[in-house]
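Residues per chain, in single letters:
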Amino acid sequence: MWRDRENWQIPDIRRPGPKTSLADIWYIEERLLYWGGMAFFTCVSLAIFFLNTRHGIGIFVDSLRYMGISEKPFDAPLYAWLLSALTAIGASPEGGAKLIGVVLLCANTGIVWHLLARTTGKYLYAAAGTGIIVFSPQFVTLHASAMSEPLFIFCVMATLLTLLRYSETADRRWLLGSAIALAFAALTRFVAPALGVAIAAFMLIDPRRDLSRRVADVLIFGGISAVIFFAWVIASQITAGHSLGRELSLNGNMDAEDWFTSFQTLTVWLLPTQVPFSVRTLVFLSALGGGSYLLVWHGRRAMRARRTTAPVLFLPLVLGFFFLAYVGFMVIATSIEANLSLNSRYAFPVYVTCVIMLTIMLAVSERARGSYRLVHRALCMLAVVVLASHIVRTIDRTENAFDEGIGFAGPGWSQSAAILAASKLPSDAIIYSNGPEIITFILNRKARFLPERYRLRTGKEDPNNPLEHQVRTLEAAIAGREAYFIFLDGVFWRPYLETENNLKERFALEPVALESDGRIYRARELGSRPLP
């Protein structure tokens, strides 16, 4: 129970008048703690970033799509637009991605600290919550890679910050800014509408405004963000022939085993895989149950506080709705798209918002009694364990990235025996591979995809470009030219491509280089036999 209603309010840290010397001292201490925390977390995050990117910004398959190196187009465009803008003024794709990574790392670290310090007014809680987020191995790896998740997290934080200002001032210009930020988030990751649903849900139950104002706010917020997003969808469909990149049909193929694997992945958010799965499950479910218990407690009291504008009042409710909407969105996505699972990368943004939500609720429940106090203490102890785990795992991962790099940027790929053998192929030869964009990235020469037996996102053969048609097209492309087929063992995530054995028989491939990590073949005579 609260001892007094003022606990909802945030301490006023505006500079007091000259006659209140004790208040002056308090103000100085507050500012020192605020800026000291900001500087500490930002500097440590930057140091970790540069250690992780010793061999260059981390590069993955999606990174090469954003950079325009892969022949498969990207979907959500905002990150690719930023990269294109930097390369247009002379930056290399890798240099531009690293610059974006530095800026987003500083911005996201600073915003998380600012948001927690501002909403809780308690720097110990703010420091713990910020540390759990910015020292988590997923946060470190994503920000040290050319990926869109850091930009998405930034857009989510911008949406929340502008929403806070609207809640405090009732100035609809801030609501407009929040809608625009949400639209940018949707142009970064298509899961952003889940945040819009969460914000709209809170607006509709906000006890501080009458019903007509709530409905009008939802219409303004949702309408502006939707207009911006769908304007891009229509323009992209007209100009590029694609936009969302997915069919609106139930192509999902996740079974019980896939869902269990996804759950196992989520438990690694809190504790490493070296911890037994049963222990990870117990800790994960305990955190989920304790957080839900506190959220209900917090929500009941928030709905009774009709006059305060403190952000600590409603932000946990918005983030709680966001968690539910995000999970629902991912369930829908896995039902629509084949071969899609709820991995830690896709789900990490909601982990960030859940930590923010729990940190705020723990800070404001410090004086709670009874069962709420027991839950508070248990979650605080868990937070200490998780923070220690994150630090240890991040140190280990940083040491590994320092030596081996991240993704295709590391020496493991650039010094691959198969890649080095490919570098000696004639410059005018045609290359087909299961990892053509990797070859293009490392060797700076064009390579093409092998034929696809089925499309990854549907699990079905492309009716407009069936396998036999792709093979005939390939035959025509290499007729009278020297052609090579490269199979990289490290590319294990493309089971939908035509198999090595079938292509060997179809094109009478003869081995050129049989390396420890891949094989290179040359096409001799083009056969006319059908596919086996």
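Residues numbered from 1 in each chain as written. Predicted model: local features only at pLDDT ≥ 70, side-chain atom pairs only at ≥ 80, totals over all residues. Heavy atoms only, no water.

Turning our attention to the overall build of the protein chain. Scanning the protein chain from terminus to terminus reveals 20 helices and 5 strands. Every one of the 532 residues in the protein chain was classed for burial, and the buried ones make up 51%. Taking the intrachain contacts of the protein chain between residues at least 6 apart in sequence as the baseline, contacts between residues at least 24 apart amount to 73%. Counting every atom, the protein chain has about 24,400 Å² of accessible surface; 63% of that belongs to carbon and sulfur. (Helix = DSSP H or I, 4+ residues; strand = E, 2+ residues; numbered from the N terminus. Buried < 20%, exposed > 50% of the residue type's maximum accessible area, 1.4 Å probe, protein only. Contact = heavy atoms within 4.5 Å. Areas by Shrake-Rupley, 256 points an atom, 1.4 Å probe, with all protein chains shown as cover.)

Moving on to the nonpolar core. Counting residues in hydrophobic clusters, the biggest one holds 134 residues, and the most contacted among them are I59, M157, W269, L270 and I356. Broken down by element, the residue count for this core peaks at 13 residues, all from helix α14 (residues 344-364). In terms of nonpolar packing, the next biggest core, distinct from the first, is built from 15 residues, I430, Y432, F507 and L509 among them. (Core = buried A, V, L, I, M, F, W, Y, C linked by side-chain atoms within 4.5 Å.)

Attention now goes to the pairing of strand β4 (residues 509-515). Bridge count between β4 and strand β5 (residues 518-523): 6 bridges; the pairing is antiparallel. Following the sheet pairing, E515 is matched in β5 by G518. (Pairing = 2+ DSSP bridges.)

When the pLDDT values of the protein chain are averaged, the result is 86; 90% of them are 70 or greater. Put simply, helix α11 (residues 256-267) is where the protein chain has its lowest mean pLDDT, 80, and helix α8 (residues 172-186) is where it has its highest, 96. A low-confidence stretch, residues 1-17 (pLDDT under 50), is modelled with 42 contacts involving residues beyond four sequence positions or located in other chains. (pLDDT = per-residue confidence, 0-100.)

The full count for this structure, using the stated rule, is 28 aromatic pairs. Geometrically, the ring pair formed by F190 and W232 is tilted, given 6.1 Å between the ring centres and 40 degrees between the ring planes. Here W232 lies in helix α10 (residues 211-239) and F190 lies in the loop between α8 and α9 (193-205), a separation of 42 residues in the sequence. Judged on exposure class, the residue F190 and its partner W232 are both buried. Grouped by ring-pair contacts, the aromatic residues F260, F263, W269, F277, F284, F348 and Y351 constitute a single cluster. Sitting over the ring of F402, R54 keeps its end group 4.4 Å from the ring centre. Cation over ring: R301 sits above Y372, and NZ or CZ is 5.5 Å from the ring centre. (Phe/Tyr/Trp six-rings, centres within 6.5 Å; stacked < 30°, edge-to-face > 60°. Lys NZ or Arg CZ within 6 Å of the ring centre and 35° of its normal.)

Next up on the list: the sheet that holds strand β3 (residues 483-488). Sheet architecture is open: 5 strands sit in the order β2-β1-β3-β5-β4, paired in mixed fashion. Of all strands in the sheet, those bounded by a partner on one side alone are β2 (448-449) and β4. As defined by bridge partners, strand β1 (residues 430-433) adjoins β3 across 4 bridges and the pair is classed as parallel. Within the sheet, the bridge partner assigned to I430 lies in β3 and is A483. The strands that helix α20 (residues 500-507) touches are β3, β4 and β5; relative to β5, the one it contacts most, it runs at about 20 degrees. (Axes fitted to C-alpha atoms, helices over the stretch in contact; angles between N-to-C directions.)

Tracing the backbone through its elements, the reader meets R494 in the loop between β3 and α20. According to the relative accessible area criterion, R494 is buried, its value standing at 9%. Within polar-contact distance, the side chain of R494 engages the side chain of E437 at 2.4 Å. Discounting chain neighbours no more than four positions away, the residues touching R494 are V61, N434, G435, P436, E437 and F449. (Polar contact = N/O pair within 3.5 Å; in protein donor to acceptor, adjacent residues only side chain to side chain.)

Time to look at the pattern of salt bridges. Scanning all chains against the criterion turns up 19 salt bridges. Measuring nitrogen to oxygen at the nearest pair gives 2.9 Å for the salt bridge that ties D217 to R172. Here D217, found in helix α10, pairs with R172, found in helix α8; they are 45 residues apart in sequence, far enough to count as distant. Among the residues examined, D217 registers a relative accessible area of 3% and is labelled buried. (Salt bridge = Lys/Arg side-chain N within 4 Å of Asp/Glu carboxyl O.)

Let us look at helix α3 (residues 78-88). Buried within α3 are the following residues: L78, Y79, A80, L83 and L86. The inward-facing, buried residues of α3 abut α2 (61-66), α4 (93-120), α7 (149-169) and α8. Following α3 by one or two positions, G90 adopts a phi angle in the positive range, close to 110 degrees.

Before going further, it helps to spend a moment on the environment of V156. As for its placement among the helices and strands, V156 is situated in helix α7. For V156, a relative accessible area of 4% corresponds to the buried category. Separated by 36 residues in the primary sequence, V156 and A192 place their C-alpha atoms 8.0 Å from one another. Once residues within four sequence positions are removed from consideration, V156 is found in contact with L195 and T353.

So, about the packing of α8 against α10. Relative orientation of the contacting elements α8 and α10 amounts to 40 degrees, with a least axis distance of 8 Å. The orientation of α8 with respect to α10, classified from their angle, is oblique. Between α8 and α10 the crossing geometry is right-handed. Here R172, L175, L176, S178, A179, I180, L182, A183 and A186 of α8 lie close against α10, whose contacting residues are R213, A216, D217, I220, F221, I224, S225, I228 and F229. Within the contact of α8 with α10, the residues separate by chemical class into 13 nonpolar, 2 polar and 3 charged. (Parallel < 35°, antiparallel > 145°, perpendicular 65-115°, else oblique. Left-handed = near helix turned anticlockwise from the far one by under 90°. Nonpolar A, V, L, I, M, F, W, Y, C, P; charged D, E, K, R; others polar.)

To continue, consider unusual backbone geometry. The residue A170 is not glycine, and still its phi comes out positive at about 60 degrees. Tracing the sequence through the fold places A170 in the loop between α7 and α8. A residue is classified by how much of its surface remains accessible, and A170, at 34% relative accessible area, is partly exposed.

The next thing to look at is the pairing of β3. Of all 6 residues that make up β3, 6 are buried, and the element is covered over most of its length. Along β3, one buried face is formed by A483, F485 and F487 and the opposite face, lined by Y484, I486 and L488, is buried too. Across 5 bridges, the pairing between β3 and β5 is antiparallel. Residue pairing across strands places L488 opposite G518, the latter belonging to β5.

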